[in-house]
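Descriptive structure summary
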Amino acid sequence: KVEDAIRGVYRENSELADAEVKQLEAERRRTQEQTQVMFSAALVVREEKEHMNNAWYAEKKERQKVMHKSLKRIRRLTEDMKDLEIISDLKQKHSVLLYSLRMLEGKLK
């Protein structure tokens with residue numbers, strides 16, 4: 001009887017530990033996915049800044065074309081970032097990214 005009770009407690013603790021491990025893995029995956037999305041967005045911001053700087057001294061029509069294309073891309077990215085549900089650990093980085101997007105959009109208008 002004692003051995004059965006010990007085995008029961010062991011199984012119960014093992015199941016609880018497995019559930020906690022699965023929950024922790026899911027949380028880490030979600031954090032990693034959100035980090036990757038935000039990193040990709042930051043790369044797009046950097047790329048668009050570079051496009052804007054390169055086109056700044058181009059001919060007027062070419063500059064307008066590049067700036068309009070960048071504006072559309074930045075607006076789309078801003079909407080995507082606003083719709084993204086962010087975990088609390090990444091809220092500050094998300095806010096900084098949204099600020100950068102707003103500043104870029106302001107320059108492009």
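Presented here is a report on the structure given in the accompanying data block. Please read these numbers as outputs of a predicted model, since none were measured by experiment. (Residues numbered from 1 in each chain as written. Predicted model: local features only at pLDDT ≥ 70, side-chain atom pairs only at ≥ 80, totals over all residues. Heavy atoms only, no water.)

To continue, consider the pattern of salt bridges. Once the charged atoms of two side chains with opposite charge are near each other, the side chains can pair. Taken as a whole, this structure holds six salt bridges when the rule is applied. Here Glu 3 ties to Arg 7 by a salt bridge, and the two come within 4.0 Å at their closest N and O atoms. On the criterion of helical spacing, the pair formed by Glu 3 and Arg 7 is a turn pair, its members being four residues apart in helix H1 (residues 2-55). Here Glu 25 makes a salt bridge to Arg 29, at a shortest N to O gap of 3.9 Å. Of the two residues, Glu 25 and Arg 29 are both situated in helix H1; the distance of four residues between them amounts to about one turn of the helix. Glu 25 gets classed as partly exposed once you look at its relative accessible area, which sits at 39%. On the basis of relative accessible area, Arg 29 is assigned to the exposed category, the value being 52%. (Salt bridge = Lys/Arg side-chain N within 4 Å of Asp/Glu carboxyl O. Helix = DSSP H or I, 4+ residues; strand = E, 2+ residues; numbered from the N terminus. Buried < 20%, exposed > 50% of the residue type's maximum accessible area, 1.4 Å probe, protein only.)

Keep in mind these numbers describe shape, not what the thing actually does.
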